[in-house]
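# Residue-level structural notes
So you can see what is in the structure, the chains are spelled out below.
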Amino acid sequence: MTEKMERPLRSRMHSDPEWSKLKQYEADFGRATKSYDDAIVKHLKAIQKSGKSSGKSDKLDKKVSDTASAKEAAKLQWIPQATEAFQRFQLMDETRLASLKEVLAKYADLGVRHEGARSALADGVLAATLGFDVTNETTTFCVAKGNNDGSAPTLPAGTMDSAATSRDNSVVGLPDGGVPSRHMSSNVLDVKPTVDEEGYTIPPGPANVPWDTPNGAPLDEGDNMDGDGSNSSPQRIKMAIQKEAIRENPEDANKALRQFQNVLGPSTSKLAKRGSRRISYVEGARPDGSSDAGSARRPMTLVLGNPDGGSSPGSITDMFSTDSPSSSVVPSLEPQRTGNSPASQYGSPASGPAQIHASVSEQVNALLRASEVDKLLLMGELALNSSKGFADLIPGTKFHIRVENYDQLAQVVPNETYVKVVSTSQPDHFEVDASALRDAAASTVVILKYQVRITESANYVPLTVQPIWKCEANQASLMLVYQLNPGLRDRVQLADVSLLVPIEGGGDIGLVQMKPQGVWNPERKAILWKVGKLGGGETDGEQQKILARIETTRACTPSTVAVRFTCAGALLSGIGISAVPGAQNPARVELDTALSFSAGKYGAA
């Protein structure tokens, strides 16, 4: 309902291009109508003055003639504009009417479908209720299930009569044409009711049901349990429950385990899952942790198969071996830790180096005035990411990372939960705690943030933008001049470049002309140009221009242009991140670094 009816109606004004230009059409038509109306008023005033004059005046007659000519010229100019405006309004009304009809037709169609489904459901329930028959349902169930030996059920005489008379609304009969139903057994059709000498049916005697059995009488009294072959009663399942538990033969168990071992084959998985535990089995151990005094505690390893198909000493088959002195004792299946190492609390790390992704992202905030940098602030952060949730790190270990070109940073704030400075003599070296990363709830962790030291502001501004305004009483003209920084052109390629210009003041906005074409938002009174990519081309270092002209009813105020862009594969600060090898990297971490920067509060006035 929301997707097909409500949303199309609400978004009609934004999706229809003609509807978005309605205010512009009305403004143009209003100006033309006002000009024609002013010409008519001037002509009537001139005629009124000429009539009040007692004598003839050539000046008044000339004024009347001039106003009449001006009125005719305004009329000739107004008629085509009015015709075009009326046609546009008529077309918009017709489009709106067609859209409303389409939405209402969908609504009616959905209503009909909904009511049809409800009606069909009610008809189905009514048909199933009226067509329900106890006899047919019982016969169908018996024919489908059968006896335990696979044979069809045999029903005793009088059974169907009892079932048929147990419901007042049940009807027993044949389908149309007198043909027996394929769901009914032939034994059921052969049953004939008993009638008296006058031809009336004699009601059957009471059925032998369990709840009618006298107290103290066994429920199975009268059942044929001797197997005399009588078909008067259905066959019963014989079961005997022994008092003693079944004892398993150790040789049979050993043989079954060997077959299971051969089917599984050798284990090929080397990577341990996070959260797994090592389990050791001890001969002679009981579930409560105690052991026999005469048996030695010998840890046993689970081996589910050898490459040669045999068993090895200490395998799971030894627990059931008849040659073992403790073969009669079932080993404990309670997990027991083999040590207090941190690896027993976490999943076993991979044998290879841990792959950690490091992402360094910077955000440049700048205010440009007349192509000169007025304010500038460059911030950045370093985050670590792992697709495995840092599970491949060795717990209890630490590794060092180094920030290259550390002297370019003015301030550095590490996240002490995961990282700390190694020493004051090496401020560019940081120690990362692998256990803290493993315990992190997120797969991406920000370990430090920094502020870049600004030496030459022009080296940190990738894009220069200069707006040139000309604000008049009835219109505003704008020229935007933007250029990629020549000093950064060789190593920086900007993407998603966009320029947003808000129109402040100006009263009612009329016609908006743009070159190249942008997107005008009448609600926010702003123009958006999506430039796209800058850099990597021969002409990207040249100045480029954007022009706009806006019709207003009052003079507007020059506003600040908001600039947005992104860049991947480079940093404005020039720093880098690397893992320190050797003894300072016991966690065996390999860093894969990704660099990027983007525009924060970036404007031009």
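This one's a predicted model, so the numbers in the text were calculated from it and none came from an experiment.

A few words on the overall build of the protein chain. A tally of helices and strands in the protein chain yields 10 helices and 21 strands. In the protein chain, which comprises 605 residues, the proportion classed as buried is 27%. Within the protein chain, contacts between residues separated by at least 24 positions form 74% of all contacts whose residues are at least 6 apart in sequence. Surface accessibility of the protein chain: about 39800 Å² in total, with carbon and sulfur atoms responsible for 53%.

What follows concerns the nonpolar core. Counting residues in hydrophobic clusters, the biggest one holds 70 residues, and the most contacted among them are Leu463, Leu494, Phe565 and Tyr602. Contact partners of Leu463, with chain neighbours within four places excluded, come to Leu368, Tyr482, Gln483, Leu484, Leu494, Val497, Leu534, Val563, Phe565 and Tyr602.

In terms of strand pairing, strand E4 (residues 372-385) meets strand E9 (residues 444-452) through seven bridges, oriented antiparallel. By the bridge assignment, Asn385 is partnered in E9 with Thr444. Bridge count between strand E6 (residues 409-414) and E9: five bridges; the pairing is antiparallel. By the bridge assignment for E9, Val412 is matched with Tyr450.

With that settled, the discussion passes to the side chain of Arg438. Along the polypeptide, Arg438 turns up in helix H10 (residues 434-438). No salt bridge is formed by the buried Arg438, whose closest oppositely charged neighbour, Asp439, lies at an N-O distance of 5.9 Å. Here the side chain of Arg438 touches Ala391 through a polar contact of 2.6 Å, landing on its backbone oxygen.

With that settled, consider the sheet that holds strand E7 (residues 419-423). Spatially, E7-E8-E5-E20 is the arrangement adopted by the four strands of the open sheet, whose pairing is antiparallel. Across the chains shown, the open sheet's two edge strands, defined by having one partner strand only, are E7 and strand E20 (576-579). The average angle at which neighbouring strand axes cross in this sheet is 35°, direction not considered. Bridge count for strand E5 (residues 398-404) against strand E8 (residues 426-433) is five bridges, and the pairing is antiparallel. Within E8, the residue paired with Phe399 across the bridge is Val432.

Across all of its chains, the model carries 12 salt bridges by this definition. With its nearest N and O atoms 3.9 Å apart, the salt bridge here joins Asp93 to Arg96. Of this pair, Asp93 and Arg96 both sit in helix H5 (residues 58-130), separated by three residues, roughly a single helical turn. The class of Arg96 is partly exposed, set by a relative accessible area of 36%. Because the salt bridges share partners, they merge into one network encompassing Asp28, Arg31 and Glu551.

Our next topic: the environment of Pro8. Relative to the elements of secondary structure, Pro8 occurs in helix H1 (residues 2-10). For the pair Pro8 and Leu100, spaced 92 residues apart in sequence, the C-alpha separation works out to 9.7 Å. Each residue touching Pro8, except ones within four places of it in the same chain, is listed here: Thr2 and Glu3.

The rules behind each value
- Residues numbered from 1 in each chain as written.
- Predicted model: local features only at pLDDT ≥ 70, side-chain atom pairs only at ≥ 80, totals over all residues.
- Heavy atoms only, no water.
- Helix = DSSP H or I, 4+ residues; strand = E, 2+ residues; numbered from the N terminus.
- Buried < 20%, exposed > 50% of the residue type's maximum accessible area, 1.4 Å probe, protein only.
- Contact = heavy atoms within 4.5 Å.
- Areas by Shrake-Rupley, 256 points an atom, 1.4 Å probe, with all protein chains shown as cover.
- Core = buried A, V, L, I, M, F, W, Y, C linked by side-chain atoms within 4.5 Å.
- Pairing = 2+ DSSP bridges.
- Lys, Arg positive; Asp, Glu negative; His and termini not counted.
- Salt bridge = Lys/Arg side-chain N within 4 Å of Asp/Glu carboxyl O.
- Polar contact = N/O pair within 3.5 Å; in protein donor to acceptor, adjacent residues only side chain to side chain.
- Axes fitted to C-alpha atoms, helices over the stretch in contact; angles between N-to-C directions.

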